[in-house]
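What the coordinates show
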Amino acid sequence: MTLGDGGDLLERGVRACEERGYAVTRPENGRDPPALAEPTHETTAFASDRPVAVEPLAATEVTPTTIVSRLWDDVDRDREALFVLPADSVSKARAVLSDPPFLAGRTPAGERTFYSGPDRVPLADGGFALARPAGEYRWAEESASEVERSDRAEGTRLVLRASNDPIAVLPETAALDCPPADRFPFSYARGGEGRIRVRSAAGDPIHSADGVHALGDAGFKPVPMPLVPEHVFEDPARAARSWSILGVEN
């Protein structure tokens with residue numbers, strides 16, 4: 001559902017709920033969420049008859065990470081989310097929430113492209129996955145025939161690419177749970193003296209740095225964990241039915 005009106009994002013969201021018969025309260029801490037709308041016997045519901053969390057988002061906050069994180073919190077607490085955002089950001093939010101839900105894309109064969117999340121990929125022996133990308137990271141499911149890798153097998157694989165170059169290949173999304181370090185070009189971990197140590201896929205030490213920013217200066221970049229819907233939500237289909245959008249004109 002998309003609506004349009006003027007005014008402050010939070011206040012406009014509160015007013016939209018009150019106009020539909022919800023009883024709105026505001027937590028004293030100002031967040032979690034900043035306003036909660038409880039249905040009454042006179043309510044005209046948004047997506048369901050559950051309580052509604054009013055979730056104002058500035059244009060800079062309309063990102064997959066922020067939207068998915070807030071929706072997860074609301075669904076986990078058995079409520080739906082009303083995202084209130086600038087009207088010119090509605091299409092961007094809709095792209096995250098639908099067609100297909102929570103995915104950057106999906107092929108007719110069902111292979112999915114994922115948004116990158118805020119978390120890093122932890123490795124089985126400690127530390128985190130690292131690479132020297134030549135472009136923006138993209139995690140996607142690909143048929144094995146498309147993966148240029150000598151150990152490929154039949155079926156679908158999870159592939160990390162930068163631009164169009166493969167960086168790492170995992171057998172499936174479940175393998176993101178602490179994969180072995182040799183699946184990635186490099187790994188990094190903080191040593192006892194506080195410096196970050198970089199190792200090759202074979203485990204050889206190749207670089208050290210004072211911190212993550214220094215890693216970036218050396219051309220390295222931590223590998224982000226993709227936002228996989230079934231890893232984020234207990235029931236992705238239910239989450240996909242648990243939101244509405246209110247677009248606010250300037």
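Just so we're clear, the structure is a prediction, and the values are computed from it rather than from any experiment.

Turning to helix 3 (residues 90–97), its buried residues are V90, A93, V96 and L97. For helix 3, the buried positions fall inside an angular range of 125 degrees around the axis, keeping them on one side. Downstream of helix 3 by one or two residues, D99 has phi in the positive range, about 55 degrees.

Our next topic: the sheet that holds strand 13 (residues 196–200). Taken in spatial order, the 5 strands make up an open sheet running 14-13-12-8-15, and their pairing is antiparallel. Each edge of the sheet is formed by a strand with only one pairing partner; in this case those strands are strand 14 (205–209) and strand 15 (221–222). Looking at chain direction, strand 8 (residues 128–131) and strand 15 are connected through 2 bridges and run antiparallel. Residue pairing for strand 15: A131 is matched across the bridge by K221.

Looking now at unusual backbone geometry. With an omega dihedral of -5 degrees, the bond running from D99 to P100 counts as a cis peptide bond. Mapped onto the elements, P100 comes out in the loop between helix 3 and strand 6 (105–106). The backbone phi angle of F102 is positive, close to 65 degrees, even though this residue is not glycine. Mapped onto the elements of the fold, F102 is located in the loop between helix 3 and strand 6. Since its relative accessible area comes to 3%, F102 is described here as buried. Of note in this structure, C178 is not a glycine but carries a positive phi near 60 degrees. For C178, the location among the structural elements is in the loop between strand 11 (165–170) and strand 12 (186–190).

What counts and how
- Residues numbered from 1 in each chain as written.
- Predicted model: local features only at pLDDT ≥ 70, side-chain atom pairs only at ≥ 80, totals over all residues.
- Heavy atoms only, no water.
- Buried < 20%, exposed > 50% of the residue type's maximum accessible area, 1.4 Å probe, protein only.
- Helix = DSSP H or I, 4+ residues; strand = E, 2+ residues; numbered from the N terminus.
- Arc of directions from axis to C-beta.
- Pairing = 2+ DSSP bridges.

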